[in-house]
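Here's the letter readout for the chains.
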Amino acid sequence: MLEQNLYSLFRLLPPSFEDLKKAVCEDNIHSIFRLLENDNLRKLIVNDNQWALYPLLKEYKNTNFVEALKYMFIEEIKFDEDCLSRGQLQSKIWLVQELEKISLDLGVVFLCAGWYGTLATMLFESKLSVGKIRSFDIDEQTETIAEIFNKPWVIDDWKFKPVVQDIHDINFEEHSYVVSKDNGEFEVLWDVPDTIINTSCEHIENFADWYAKIPKGKLVVLQCNNYEEIEEHVNTHNSVESFASQTPMETELYNGELDLQHYKRFMRIGFK
Amino acid sequence: METYKILDRFELMYPTNENFSDLRRAYIDRDMYSIFKISNADEELRKAVLEKNIHSIFRLAEGTKIVGTVDDLKKQCWNKIFTVYLDCYLLVSKI
């Protein structure tokens, strides 16, 4: 009866109320979206159009993750989506939050086994003071995508630059390394790192040798896990204490673990 | 990367930004309240569509010149009379 009367009410109104009638009486989604005048939301929800997602995300948050994902969607660039898995993101959010509590100037950061450099994006977009970040990874496939995720800082006088190199070959006292340029040429750079970050310690063969190369007094941020099921995980630990025994530090600033349902991640921050 | 995954990850990364949880609910659940919220919809429009609130419909139609048939007007009048009658009946029965 109510519905019948609503129809009769709308019959009293001019045709310009047609969408309101359909929205109220029929819950017509097309009419609702015409009334809301939110075209991107309509395209996303009604048509499942991912093109419309990116302007909405950009409207809500100024982050380069939007631009990077949009670019890779448009250019159909394939990447390992595990870099944005819940576990990966939670681990990196945790790292950024703990570093923000300590509130240190990170200076020149060497991101070891940096993969696609998503942590660099998060560090640059955090409250932390970051000079520049060099992301080292042995896999040359990571270089292009790392630059996409960090494009604003690549453009900004190479505040970010990925480097294809085995992290065992880094000289942490002072390091000369080769980066590729847009025109396909290469350039040699030189830096002294202030902060060394490695969030993939479980992947590092001969970890003790690698850690021994870091000079005393450097700020180190290390993550490891107890996820033994993966063959490439050659350096897992069952506790933060076990991880600590492998990574002695002169000054410990943070020790902790994060439960990620299927596995635990351990983190240590301090001056070696 | 699929849309639902992107929405989930943005919600995870920016937990204090309600727009992402609303957008996720709008996309995955087609939750109308979230759709209206992220669209910053007019409150009367929201009440009219989601709550079928007749007062809001009248407020949205305020100042509009009425068209339609006498029958429609009659139905509306009868509806109004019935509503008033019912209100009176409920009031009296309480006394």
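Shown above is the structure to which this text applies.
Cut-off values and rules
Residues numbered from 1 in each chain as written. Chains lettered and ligands numbered in written order. Predicted model: local features only at pLDDT ≥ 70, side-chain atom pairs only at ≥ 80, totals over all residues. Heavy atoms only, no water. Helix = DSSP H or I, 4+ residues; strand = E, 2+ residues; numbered from the N terminus. Buried < 20%, exposed > 50% of the residue type's maximum accessible area, 1.4 Å probe, protein only. Areas by Shrake-Rupley, 256 points an atom, 1.4 Å probe, with all protein chains shown as cover. Pairing = 2+ DSSP bridges. Contact = heavy atoms within 4.5 Å. Buried area = accessible area lost by both parts, 1.4 Å probe. Salt bridge = Lys/Arg side-chain N within 4 Å of Asp/Glu carboxyl O. Polar contact = N/O pair within 3.5 Å; in protein donor to acceptor, adjacent residues only side chain to side chain. Nonpolar A, V, L, I, M, F, W, Y, C, P; charged D, E, K, R; others polar.

Quick notes on the overall build of chain A
For chain A, the helix and strand inventory stands at twelve helices and nine strands. Taking the principal axes of its C-alpha atoms as reference, chain A extends roughly 85 × 45 × 35 Å. In chain A, which comprises 272 residues, the proportion classed as buried is 53%. For chain A, the accessible surface area stands at approximately 13100 Å², while carbon and sulfur atoms represent 45% of it.

Some words on the pairing of strand β3 (residues 160-164) of chain A
All names here are of chain A. Among the five residues in β3, four count as buried, and that is most of the element. Pairing of strand β2 (residues 129-137) with β3, which is carried by five bridges, proceeds in the parallel orientation. For D137, the partnering residue across the bridge sits in β3 and is V164.

Regarding the interface of chain A and chain B
Residue-level contacts link 45 residues of chain A with 45 residues of chain B. Note on chain A versus chain B: buried area summed over both sides is about 4200 Å², and carbon and sulfur give 72% of it. Applying the counting rule to chain A against chain B returns three salt bridges. D8(B) is paired through a salt bridge with R86(A); the nearest N and O atoms lie 2.6 Å apart. Summed over the shared surface of chain A and chain B, the result is 13 residue pairs in polar contact (both at pLDDT 80 or more). Among the elements of the structure, α1 (2-11), α2 (18-26), α3 (29-36), α4 (39-47), α5 (53-60), α6 (64-74) and α7 (86-102) of chain A are those that each provide at least two residues to the side of chain A that touches chain B. Of the residues forming the side of chain A that touches chain B, the biggest block, six residues, is contributed by α1(A). Residue composition of the side of chain A that touches chain B, by class: 31 nonpolar, seven polar and seven charged.

Some words on the environment of E252(A)
All names here are of chain A. With respect to the element layout, E252 can be found in strand β8 (residues 251-259). Considered as a pair, E252 and E76 are 176 residues apart in the sequence and their alpha carbons are 44 Å apart. Excluding residues within four positions of it along the chain, E252 makes contact with R268, I269 and G270. Among the polar contacts listed, one links the side chain of E252 to the side chain of N255, at a separation of 2.9 Å.

Some words on the environment of E187(A)
All names here are of chain A. Here E187 is to be found in strand β5 (residues 186-191). Looking at E187, the relative accessible area reads 30%, which means it is partly exposed. Sequence-wise, E187 and F124 are 63 residues apart; in three dimensions their C-alpha atoms are separated by 24 Å. Setting aside its immediate chain neighbours within four residues, E187 contacts W158, Y177, V178, V179 and K181.

All quantities given are derived from atomic positions and should not be read as evidence of function.
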